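Structure at a glance
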Amino acid sequence: MEPSIRIPSAPPSHVRVPPELEGLRRLAYNLYWTWHPRARAIFARIDGVAWARHHSPIPILTAGVDWAPLLDNPDFVAEAKRVIADFDHYMANGADHWFHRKHARHFDGPIAYFCAEYGLHERLGIYSGGLGVLAGDHMKSASDMALPFIGVGLFYRKGFFRQTIDADGHQEHRYPDYDPHRLPLTRVLGREGEPLSVSVELPGRDVRVDVWAVHVGRVPVLLLDTDTPTNDPADRPITHILYVRGREMRLHQELILGVGGVRALRALGLRPAVWHLNEGHSAFLLAERARELVAAGAELDDALTQVSRNSVFTIHTPVSAGNERFDAGLVRAIAGPLLDGDGRPGTGGVPVERLLEIGRGTDGDAGQFDMTAFSLRLTNGANAVSRLHAETANTTWSGTAPHEILAITNGVHTPTWLGGPIRELYEKYLDADLDDLDASTAATRWWDRLDRIPAAELWGAHLRQKSELALFARGRLRSQFARHGEPPRELRELERVLDPDVLTIGFARRFATYKRAGMIFTDPERLARLVNDPDRPVQIVFAGKAHPADRPGQAVIQEIFTRSRSRELHDRLFILEDYDMRVARFLVQGVDVWLNNPRRPLEASGTSGMKAARNGIVNVSVLDGWWDEGWTGDNGWAIGDRETIPDEAAQDWADAMDLYRILEDEVVPQYYERDRRGLPQAWLERMRRSMATTLWTFSTSRMLHEYTERLYLPAAGIAVGENLEAANR
Ligand SMILES: *Cc1c(COP(=O)(O)O)cnc(C)c1O
């Protein structure tokens, strides 16, 4: 199989570039620029103001650039040509990549990856959080490793909500309205060169599904869209909103994703070697593929066996309550006709009653269709996203999963999450090739030699990243407080907040109550003493959204906001609005300590701490998710231990007391202990350990090695030779 799947797509005519820099158009429409700083720098040079505003090349190139002075600048032209040449080289040379030669070339079709959300870049708001960002990082690493990959998802024109917080601390929601022509999307073309659409039969009508593509390096991701003029106005919003609340609408969405996704791949003539369901939202793809086989004459049981043989599933939630379920009656009514061919003999369908039986949940309730149970029973391999999560998942699903659920711990795509100053040090002192983490793993293992980075430079780079966060956060806070009507005097004061010399703790994630964001407020007086110490002060930055339906989560936001405006914590505690990938980047690059205190074992993995660690930020976390296996004793701190007290309130109290102890007795003294040159040597050593123990182990590169060797190759029926010698091939 070729390392990249070519998808015919319409060249955007509204983007104009001079002929000698034609490659900039290719580059603008490939998210390659999101993880290649020099590519971003070229667009910033074309129009710095527009870049600062949009951080995306499309609005710059569509706005009418004055090219003459740029083309007169030989330095600019040479750099632009070099960036384009690097990009073209990257795209053309997948077949030479060692991982491709070792594994990827054996597949006789692409690996089709289905996910309800993709976090690729903040400008493409089709993600809500961890699941999407993981999927996005998975695509980027698949591209870097030249795996033949194609993603399938939905184009949410209203995406996920944007958050503001009002002067009383209430979360306000606003749904954007994305114009595909201002996004790095291209329309996929069919065999005759016409814009490709497929159709999905829903009760009483055919819903048309348009197909867009976003190119992630070598990997195309197809995005399905029902908002097209020929559809009934009532069907156009099916794909508008991510995780739409209404159950019936959600079921429509998931049918479009699963069924429409299979049909889009077929329309492009693709025959995937492996089908990967990342979480159960796309599970109807299994039903659709069984229907295809039965329609072609297969016996139902054979069809189901055949479908499961090359399908794999990743589970993301630790408890069964967190899994997607639909009322069986709803599934019968909405999906029944589509799948069982109206029940008419000879229409070759899959009886919906059989599907409902396969999708019965752990409680055996025949009135519910459980997408996770359905996916587990109809796939040939499944994984959880950390070791601890695999333990819980195997217990929860013991009667359901036909195989053991493997542990393949999540990772992050290093070049996406590294700050510029730290990245430069890796390149300068360790010869790291961040465009290809894998190519550099073998001989070099550069993360084992972090002591080659001089202490003063490491500290300097870290402080620069902290300053970048401070600048960004002050701007955000200024617009937030201006909206609240604070006077200029107050707004001016913000210029002094978030001093990079002060120990800074970051906490950013979805505000679900099990994440216990308010834990640090358990003893408000103790917290006030900690943060206001005149010699060794501490400041805390929060960010995160609560689902619009999650009232308790919104109450947590309000509590944090109210406390941030209190006299005791004034100027020591902040909450930034509208947590997205951009806010996440500033935070995971620019604080000192990354705090995570969920109620164990409810955090399946978590990935933000991995992003922070590769920037030298030190994790202080409950031993849950990835940290349960990532903590080494010297690379950060563990809150509590591995025992769980049955009484929740007692557990919360014990964890809070341990958090205060760690901060007061260990973090603060170590951070502020300086040598003669003003360097915190012990802290720097912890930073190095934080980086060294995570750079490879919690990367998507390591993760994709495992997915390939433990799930994809077996599902494709390819014998695996040497196993998992990834790190020392
Ligand atoms: C990484 C990331 C997440 C997931 O982080 P967790 O540690 O799982 O909470 C969520 N949202 C955004 C915007 C991210 O970048």
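What counts as what
Residues numbered from 1 in each chain as written. Predicted model: local features only at pLDDT ≥ 70, side-chain atom pairs only at ≥ 80, totals over all residues. Heavy atoms only, no water. pLDDT = per-residue confidence, 0-100. Contact = heavy atoms within 4.5 Å. Helix = DSSP H or I, 4+ residues; strand = E, 2+ residues; numbered from the N terminus. Polar contact = N/O pair within 3.5 Å; in protein donor to acceptor, adjacent residues only side chain to side chain. Buried < 20%, exposed > 50% of the residue type's maximum accessible area, 1.4 Å probe, protein only. Pairing = 2+ DSSP bridges. Right-handed = clockwise from strand over helix to strand, strands pointing away. Axes fitted to C-alpha atoms, helices over the stretch in contact; angles between N-to-C directions. Phe/Tyr/Trp six-rings, centres within 6.5 Å; stacked < 30°, edge-to-face > 60°. Lys NZ or Arg CZ within 6 Å of the ring centre and 35° of its normal. Domains from an automatic or database assignment. Buried area = accessible area lost by both parts, 1.4 Å probe. Salt bridge = Lys/Arg side-chain N within 4 Å of Asp/Glu carboxyl O. Near = heavy atom within 4 Å. Areas by Shrake-Rupley, 256 points an atom, 1.4 Å probe, with all protein chains shown as cover.

**Comments concerning the confidence of the model for the chain**
Low pLDDT means the predicted atomic positions in that stretch should not be read closely. When pLDDT is averaged along the chain, the result is 94; 97% of the residues meet or exceed 70. In the predicted structure, residues 723-729 sits below a pLDDT of 50 and forms 18 contacts with residues beyond four places in sequence or in another chain.

**Looking at the side chain of Thr372**
Of note, Thr372 is situated in helix H14 (residues 371-377). A polar contact is formed between the side chain of Thr372 and the side chain of Asn323, at a distance of 2.6 Å. When near neighbours in sequence (up to four residues on either side) are disregarded, Thr372 contacts Phe313, Ile315, Asn323, Glu324 and Trp397.

**Examining the pairing of strand E15 (residues 503-508)**
Counting buried residues along E15, six of its six residues qualify, which places the element largely inside the surrounding structure. The alternating pattern of E15 places Leu503, Ile505 and Phe507 on one face and Thr504, Gly506 and Ala508 on the opposite face, and all of these are buried. Summarising the sheet, E15 and strand E16 (residues 538-543) pair through six bridges and their orientation is parallel. Pairing of Gly506 across the sheet is with Val541, part of E16. Regarding the hand of the β-α-β motif, the stretch spanning E15, helix H20 (residues 524-531) and E16 is right-handed. Note that E15 and strand E18 (residues 593-596) share two bridges and pair parallel. Paired with Gly506 across the strands is Trp594, a residue of E18.

**Notes on the sheet that holds strand E19 (residues 618-622)**
On the basis of which strands lie adjacent, the open sheet formed by six strands has the order E17-E16-E15-E18-E19-E20 and parallel pairing. The open sheet has two free edges, formed respectively by strand E17 (573-576) and strand E20 (636-639), since each of these has just one partner strand. Neighbour to neighbour, the strand axes of the sheet diverge by 20° on average, direction disregarded. As defined by bridge partners, E19 adjoins E20 across four bridges and the pair is classed as parallel. The residue bridging Val622 from the neighbouring strand is Ile639, located in E20. Its contacts with the sheet put helix H22 (residues 581-590) on E15, E16, E17 and E18, and the angle it makes with E16 is roughly 155°.

**Comments concerning the packing of aromatic side chains**
Scanning all chains against the criterion turns up 29 aromatic pairs. Pairing Trp33 with Trp51 gives two aromatic rings, centres 6.0 Å apart and planes at 75°, and the pair type is edge-to-face. Of the two residues, Trp33 is situated in the loop between helix H1 (23-28) and helix H2 (37-46) and Trp51 in helix H3 (residues 48-54); the sequence distance between them amounts to 18 residues. Each of the two residues, Trp33 as well as Trp51, counts as buried. Ring plane angle 50° and centroid distance 5.3 Å describe the contact between Phe507 and Phe542, whose orientation is recorded as tilted. Taken together, the positions of Phe507 in strand E15 and Phe542 in strand E16 put the pair 35 residues apart, joining distant regions of the chain. Given the relative accessible area of 0%, Phe507 is considered buried. A network of ring pairs unites the aromatic residues Tyr113, Tyr118, Phe149, Tyr707 and Tyr712 as a single cluster. For Arg187, the ring lying beneath its charged end belongs to Trp212, and the centroid distance is 5.7 Å.

**A short note on the domain arrangement of the chain**
Domain boundaries assigned for the chain yield domain 1 (112-177 + 242-411 + 705-728) and domain 2 (426-698). The C-alpha centroid of domain 2 is placed 32 Å from the C-alpha centroid of domain 1. Listed as interface residues are 40 residues of domain 1 and, on the opposing side, 45 residues of domain 2. Summing the contributions of domain 1 and of domain 2, the shared interface buries around 3,400 Å²; its carbon and sulfur component is 56%. Among the residues domain 1 hides against domain 2, the three largest losses belong to Gln163, Ile165 and Leu388. Together they make up 19% of the total. Linking domain 1 with domain 2 are three salt bridges. A salt bridge links Arg387 to Glu629; its shortest N-O distance comes to 3.6 Å.

**A short note on H20**
Those residues of H20 that fall on the buried side of the exposure criterion are Arg526, Leu527, Ala528, Leu530 and Val531. Buried residues along H20 sit against E16 and helix H25 (648-672).

**Re the site of the ligand**
Residues in close proximity to the ligand total 14 residues, the closest being Ala584, Gly606, Thr607, Ser608 and Lys611. Between an oxygen atom of the ligand and a main-chain N or O atom of Thr607, the distance comes to 3.2 Å. Residue Ser608 places a side-chain N or O atom 2.5 Å away from an oxygen atom belonging to the ligand. Against a free-state accessible area of 390 Å², the protein chains account for coverage of 93% of the ligand. Going through the elements one at a time, helix H8 (130-144), H22 and helix H23 (608-613) are the ones with two or more residues in the shell around the ligand. Formed jointly, the shell around the ligand draws a minimum of three residues from each of two domains, domain 1 (112-177 + 242-411 + 705-728) and domain 2 (426-698).

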